[in-house]
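Commentary on secondary and tertiary structure
Each chain, written out:
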Amino acid sequence: METLEPKNSVAMEKPFPNITCAVCSKPYKNPRILSCLHSFCLQCLHHEIGKSGSQQKFQCPICERNTSIPVGGASGLPQNLHLEFEVEVAGYMSKMVNNSDVACDHCMDGGNVPAVVFCCTCHQFLCKMAYECHRTGRHLSKHNMVGLDQEGARQLHTTMKPRDHYCSQPNHGNNNLNLCCETCSLLVCRDCTTATHKSHTVKEISTVAKTHQIEITGALEDAREIMTKLTGAMDENNRMIEQVEISKRNASLAINKIFETLQQRLEERKKTLLSELEAISLSKTTALTLQKEQFEKMIGDIGHYTDMASQILQTHTDHEIVALGRLIPTELQATLKRVQTISLAPNQHSNITVSVQTDDLIRQLSKFGNVLDFYHSPSSSTWKSTSVAKVGTRYHVKIQSKTSKGAEGPHGGVEVKGEMRSKTHNGAVVYGEVEDHRDGTYTITLTPQTAGPHQLLITMDGQHIQNSPKDLDVRPKCDYRILCNAQQVIQCNGPRCVAIHDNVDIYVVSEDDCIYVFDQTGQLKKTIGSSGSGDGQFTYPSGLCIKGDVLYVADSGNHRVQKLTSGGKFLHKFGQQGSGQGQFNWPWGVIIDSNNKLIVSEYNNHRIQIFYEDGGWLLTIDGKSSGNHRFYFPWGLALDLQGNIHVASWAPNTIKVFTKEGVYVRMYGDPNRPSGIAIDDEGYSLVSEHSGNCLSIYDLEGNKIHTVGNMKEPWCTALDPRDGSVFIANHGDNTVLKYCV
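Here the residue numbers are simple positions, counted from 1 along each chain's written sequence. Local features in this predicted model are restricted to residues of pLDDT 70 or higher, and side-chain atom pairs are both shown and tallied only at a pLDDT of 80 or more, whereas totals for entire chains, interfaces and linings draw on every residue. Only hydrogens and water are set aside; all other atoms, that is, all heavy atoms of the structure, feed into the side-chain values.

Section: unusual backbone geometry
The condition is simple: Numbering of helices and strands runs from the N terminus, with a helix taken as a DSSP run of H or I at least four residues long and a strand as a DSSP run of E at least two residues long.
In this chain, Ser468 is followed by Pro469 through a cis amide linkage whose omega measures 0 degrees. You can see Pro469 is positioned in the loop between β19 (463-464) and β20 (470-475). With an omega of 0 degrees, the peptide bond between Ala651 and Pro652 qualifies as cis. Its place among the elements puts Pro652 in the loop between β35 (645-651) and β36 (653-658). The backbone of Asn693 shows a phi angle near 55 degrees, a positive value even though the residue is not glycine. With respect to the element layout, Asn693 can be found in the loop between β39 (685-689) and β40 (694-698).

Set out below in structure tokens:
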């Protein structure tokens, strides 16, 4: 200590601790702490809780969080002893800094002796004499003293220690509160443990404090960890805000560029239309001007002859008239005849109209473009395609855009590109045509030009999507003339129909009134259905088609179509015996088009019916009609590349082709009782002949190009969507035959 003399007060460099109650705006008195860690004077809490009218919860005036009120009211809330100490320290600091004359707390003469130091141990201001006693006293010499100045006040905050806490219970002799009753969460003295806290869990306050310190330390570490995460999240949030601004700026530039391009194209189109207008106008004006000049010449010629004729009649004598002979009448008549040979109507009409589908354009413009609140993730977006393509044949890739969390994109508008790159042929590249379906899905169509190994690359906004690039085998066009002997034979009792699942499982409708499922090696995996008329049961099933994981079965003997999962679970059925709309008399073949319309042939009703996927009737193609429409006993069905329906008819023995609206297109072939038909992705038709015991292949014009024999009553033809392999339900020989192309 530099001096014991009091000094004039000087402003503190640091503010006092926050010791003011937010309710009364005065230093805290007996502060209690809420669960939100805000503190208030006990008396203020009593008053505020009383005003609120609730004795169960109290809303903090600062943060508005609720604190449960204990049974004892505000008095039962935890004491903020540290804040009490801060208030006490602040009071001493205020006296030391703001008052030049502080009386000694130790003298007994009325407090008029000025203090010169403050004892941080006794919490007393001391005069010079009292200070000397402290300095020389046996038990007082180790007390901490600070001067009454700014430096002393600053030291006070770190040097002064809290007072001991004493029990306020009567007859407890001011015992130290050095124990903690964990049962009541109260500080107690030694005598309390034998009275009101008997049988309670009581521990040394240092032990409980250590436990609390460990808990606080753990909570602090957790809080710091969370704070680190929150800080990182906030940084990411700030980065995202910046990215939003960048995205907004980029989108704004893109919008402006798009509409500048549109304006440029519109201006160019405007100039083109004006140029066309000028050309049409010039053509009309030129033609009309030439016609006008012709009229003017004829008028001049006729005027000349009429003037001469009038003059002759008025001035010429008979001799003079006769001398001229018939010159005037002849020339005048010749001129008049020339007039009669031409049209006197204008050779051009005056109308020049502008044909613009303004309403359609305005409607399209009102929906033109989308600003999307959707973040697609190329690495999460998926696509579907086969692993085999054919030279010169369109190859389709279907894409589903997704977010990083796997949610499907609700809108289009993403830049999608696809290319097929040859690993040979100097890396020749085929670029795909992209169709944006505006629902988050896209279709890319590519037509490979060379055979061999290729890579398929699909990108979104310049980034590869999931599983891109992917290896792709491009094969030459099918040459069905090489088909001769089956490469695989699967034994099956009375196969009537065969269909290939996308997972290459082979589904076979059997005369056992069930569907057998074989793997690609020909091993039986499972059996679907049994004989009967219940749901999922069959009576003489004959037709089958697969789309995705759904089977559609022509349950002929029950006169209905059943819908099952690929695992055999019944989903739906429709139809009953009859000849009305939606009724059946031996439904035989069933196929489904790209719009999920079901097409069913009826053997005994001699017709084709088209249904919605749920079985709702849509259209009937009546085979009993006259002319080219006529057909009887239809069996197999197939769809060509244009969506036309090919019908295998037994009477006449031919293939009839109709549009999906039921309009007759053509017929081709002369098969011997055609039973099954399949059309490949090049448009070739493969027709199994039930009585011809063979497979006939027709080109796009309907010319037969090849026949494969050595079959026995084949009922159905199917193609493997992966590699084009041909499957035949060889009913009469209880086998399914596979031919590789």
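Regarding a nonpolar patch on the surface
The condition is simple: Patches were defined on residues exceeding 30% relative accessible area and lacking a salt bridge, with like-charge contacts within 9 Å and nonpolar side-chain contacts (Val, Leu, Ile, Met, Phe, Trp, Tyr) within 5 Å. In this description, accessible areas are obtained by the Shrake-Rupley approach with a 1.4 Å probe, and a residue is regarded as covered only by the protein chains that are shown. Any Lys or Arg side-chain nitrogen found within 4 Å of a carboxyl oxygen on Asp or Glu counts as a salt bridge.
Together, Ile255, Ile258, Phe259, Leu273, Val354, Val356, Leu361, Leu365, Phe368 and Val371 line one region of the surface with nonpolar side chains, adding up to about 890 Å² of accessible area. Within the residue set of the nonpolar patch, elements represented by two or more residues are α5 (205-315) and α8 (358-366). Considering every element that reaches the nonpolar patch, the biggest residue donor is α5, with four residues. Structurally, Leu273 can be placed in helix α5.

Some remarks on the sheet that holds β36
Applicable threshold: Here, any two strands with at least 2 DSSP bridges between them count as paired. Axes here mean lines fitted to C-alpha atoms, for a helix over just the part in contact, with angles spanning 0 to 180 degrees between N-to-C directions.
Across the sheet, four strands lie side by side as β34-β35-β36-β37; this open sheet has antiparallel pairing. One side of each edge strand has no neighbouring strand; the edge strands of this open sheet are β34 (632-639) and β37 (664-668). Taken over all neighbouring pairs, the strand axes of this sheet differ in orientation by 25 degrees on average, direction set aside. Judged from the six bridges that link them, β35 and β36 form a sheet pairing that is antiparallel.

Some details on the environment of Phe295
Operational definition: In this analysis, two residues are considered to be in contact whenever any of their non-hydrogen atoms come within 4.5 Å of each other.
When you line up the elements, Phe295 lands in helix α5. If sequence neighbours within four positions are ignored, Phe295 has contacts with Ile342, Ser343 and Leu344.

Quick word on the pattern of salt bridges
Inclusion rule: A 1.4 Å probe rolled over the protein chains alone gives each residue an accessible area, and that area as a share of the maximum for its type sets the label: buried under 20%, exposed over 50%, partly exposed in between.
Counted by the stated rule, this structure contains 23 salt bridges. For Lys624, the salt bridge goes to Asp622, with nearest N and O atoms at 3.4 Å. Judged by relative accessible area, which is 32%, Asp622 ranks as partly exposed. One salt-bridge network, in which partners are shared between bridges, spans Lys390, Asp681 and Glu682.

Quick notes on the sheet that holds strand β29 (residues 570-574)
Spatial strand order, β26-β27-β28-β29: four strands in an open sheet with antiparallel pairing. Since the sheet does not close on itself, it has two edges, and those belong to β26 (541-547) and β29, each with one partner. Adjacent strand axes in the sheet meet at a mean angle of 20 degrees when their direction is disregarded. Sheet topology places strand β27 (residues 550-555) next to strand β28 (residues 560-565); six bridges connect them, and they run antiparallel. Note that in β28 the partner of Ala554 across the bridge is Val561.

Some points on the side chain of Thr393
Summarising the element assignment, Thr393 is placed in the loop between β12 (388-390) and β13 (395-400). Residue Thr393 is classed as buried on the basis of its relative accessible area of 5%. Aside from chain neighbours lying at most four places away, what touches Thr393 is Leu446, Thr447, Pro448, Asp681 and Glu682.

Topic: the pairing of strand β25 (residues 524-528)
The side chains of a regular strand alternate, first on one face of the sheet and then on the other. Here four bridges tie strand β24 (residues 514-518) to β25, and the two strands are oriented antiparallel to one another. Counted as the bridge partner of Val517 is Lys526 from β25. Between β24 and the antiparallel strand that follows it, β25, lie five residues; Gly522 among them carries a positive phi value of about 95 degrees.

A look at the packing of aromatic side chains
For any pair of aromatic rings, the description rests on two quantities: the centre-to-centre distance and the angle between the ring planes. The criterion, for reference: Any two of the Phe, Tyr and Trp rings considered here, Trp counted by its six-membered ring, make a pair once their centres fall within 6.5 Å; the pair's planes then place it as stacked at under 30 degrees, edge-to-face at over 60, or tilted in between. Only when the NZ of Lys or the CZ of Arg is both within 6 Å of the ring centre and within 35 degrees of the ring normal is a charge said to sit over the ring.
Throughout the structure, instances matching the rule amount to 22 aromatic pairs. Relative to Tyr684, the ring of Tyr480 has its centre 5.9 Å away and its plane inclined at 65 degrees; by these criteria the two rings are edge-to-face. Pair noted here: Tyr480 is in the loop between β20 and β21 (488-491) and Tyr684 is in the loop between β38 (674-679) and β39, with a separation of 204 residues, a long-range link. When the ring of Tyr603 is compared with that of Trp635, the centres are 6.4 Å apart and the planes differ by 70 degrees; the resulting orientation is edge-to-face. Of this pair, Tyr603 sits in the loop between β31 (598-602) and β32 (607-611) while Trp635 sits in strand β34; the two residues are 32 residues apart in sequence, bridging distant segments of the chain. Classification of Trp635 by relative accessible area gives buried; the value is 4%. Clustering of aromatic rings is evident, with ring pairs tying together Tyr540, Trp586, Trp588, Tyr603, Phe633, Trp635, Trp650 and Trp715. The residue whose ring lies beneath Lys470 is Trp383, and the NZ or CZ to ring-centre distance is 5.2 Å. Its end group placed over the ring of Tyr540, Arg496 keeps NZ or CZ at 3.6 Å from the ring centre.

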